[in-house]
Amino acid sequence: MGWEEKQVRGYPEFVQTAQRYHGRPIFALFCGDKDAEGKSWCPDCVTAEPVVRKELHNMPEESVFIYCLVGDRAYWKDPNNEFRKNLKLTAVPTLLKYGTDPNSYCSVLTVEVIWIRQTLNKL
């Protein structure tokens, strides 16, 4: 495996982790928090996560994949949350290459393996 994964929760942890790996390709998947059984409040996140994970082997060598939990539903829906304000995220799940133009972010609402592969290769 030529890439590594980091799991974080919340904006401060995301920024700290992204800064730690500055200079390497960083891909991030933002999803809603999970309950005690490990299931996200976001049904689209439940659908997207396994599909994205299945395609991680297509990331470039030395990449870092950050799996970031954005918080509970109420926090996510707040238009002033840090993810919305600072990263300009508009939906979860969202897959992005960190450090790129927010207009190039890929909101992963309808997930297909081919689309994910193409997205990872384009970013």
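What you see is a predicted model, and the numbers here were worked out from it, not measured in a lab.

Student: Run through the overall build of the chain, naming residues and quoting values.
Tutor: A tally of helices and strands in the chain yields five helices and five strands. Across the chain, helices and strands are ordered from the amino to the carboxyl terminus as β-α-β-α-β-α-α-β-β-α. Sequence-distant contacts, at least 24 apart, represent 64% of the contacts inside the chain between residues at least 6 apart. When the accessible surface of the chain is split by element, carbon and sulfur atoms take 49% of a total near 6700 Å².

Student: So what's going on with the nonpolar core? Residues and values would help.
Tutor: Of all hydrophobic cores here, the largest spans 32 residues; its most connected members are F14, F30, F65, I66 and F83. Not counting residues within four places of it along the chain, the set of residues in contact with F14 comprises V8, A28, F30, I66, C68, L87 and Y98.

Student: Tell me about the environment of V52, and name the residues and values.
Tutor: With respect to the helices and strands, V52 occurs in helix 2 (residues 43-54). Spatially, the C-alpha atom of V52 lies 8.5 Å from that of L95, the residues being 43 residues apart in sequence.

Student: Account for helix 1 (residues 11-20), naming residues and giving values.
Tutor: Among the residues making up helix 1, those that are buried are Y11, F14, V15, T17 and A18. The buried residues of helix 1 occupy an angular sector of 165 degrees when projected down its axis, which confines them to one face. Turned more than 90 degrees away from the buried face of helix 1, the exposed residues are P12 and Q19. On the buried face of helix 1, the contacting elements are strand 1 (4-9), strand 2 (26-31), strand 3 (64-69) and helix 4 (82-86).

Student: Summarise the pattern of salt bridges; cite the residues concerned and give the values.
Tutor: For the structure shown, the criterion picks out six salt bridges. A salt bridge links E4 to R24; the shortest N-O distance between them is 3.0 Å. Of this pair, E4 sits in strand 1 while R24 sits in the loop between helix 1 and strand 2; the two residues are 20 residues apart in sequence, bridging distant segments of the chain. On the basis of relative accessible area, E4 is assigned to the partly exposed category, the value being 25%. One salt bridge connects E5 with R53, and the closest N-O pair in it is separated by 2.8 Å. Of this pair, E5 sits in strand 1 while R53 sits in helix 2, placing them 48 residues apart in sequence. Taken together, the shared-partner salt bridges connect E5, K34, E49 and R53 into one network.

Rules and cut-offs
Counting from 1, residues in each chain are numbered in the order their sequence is written. Local features in this predicted model are restricted to residues of pLDDT 70 or higher, and side-chain atom pairs are both shown and tallied only at a pLDDT of 80 or more, whereas totals for entire chains, interfaces and linings draw on every residue. Here the side-chain values reflect all heavy atoms present in the structure, with hydrogen atoms and water set aside. Numbering goes from the N terminus for both helices and strands, where a helix is a DSSP run of H or I of at least four residues and a strand is a run of E of at least two. Note on definitions: a residue-residue contact is assigned when non-hydrogen atoms from the two residues lie within 4.5 Å. Surface exposure here means Shrake-Rupley accessible area, sampled with a 1.4 Å probe, where a residue is shielded only by the protein chains that are shown. The criterion is simple. A nonpolar core is a set of buried Ala, Val, Leu, Ile, Met, Phe, Trp, Tyr and Cys residues joined through side-chain atoms within 4.5 Å. Only protein chains enter the accessibility calculation, which uses a 1.4 Å probe. A residue is then buried if its area is under 20% of the maximum for its type, exposed if over 50%, and partly exposed in between. Think of it as the arc spanned by the lines of direction from the helix axis to the C-beta atoms. Each salt bridge in this description consists of a side-chain nitrogen of Lys or Arg and a carboxyl oxygen of Asp or Glu lying within 4 Å of one another.

In short, geometric facts, not functional conclusions.
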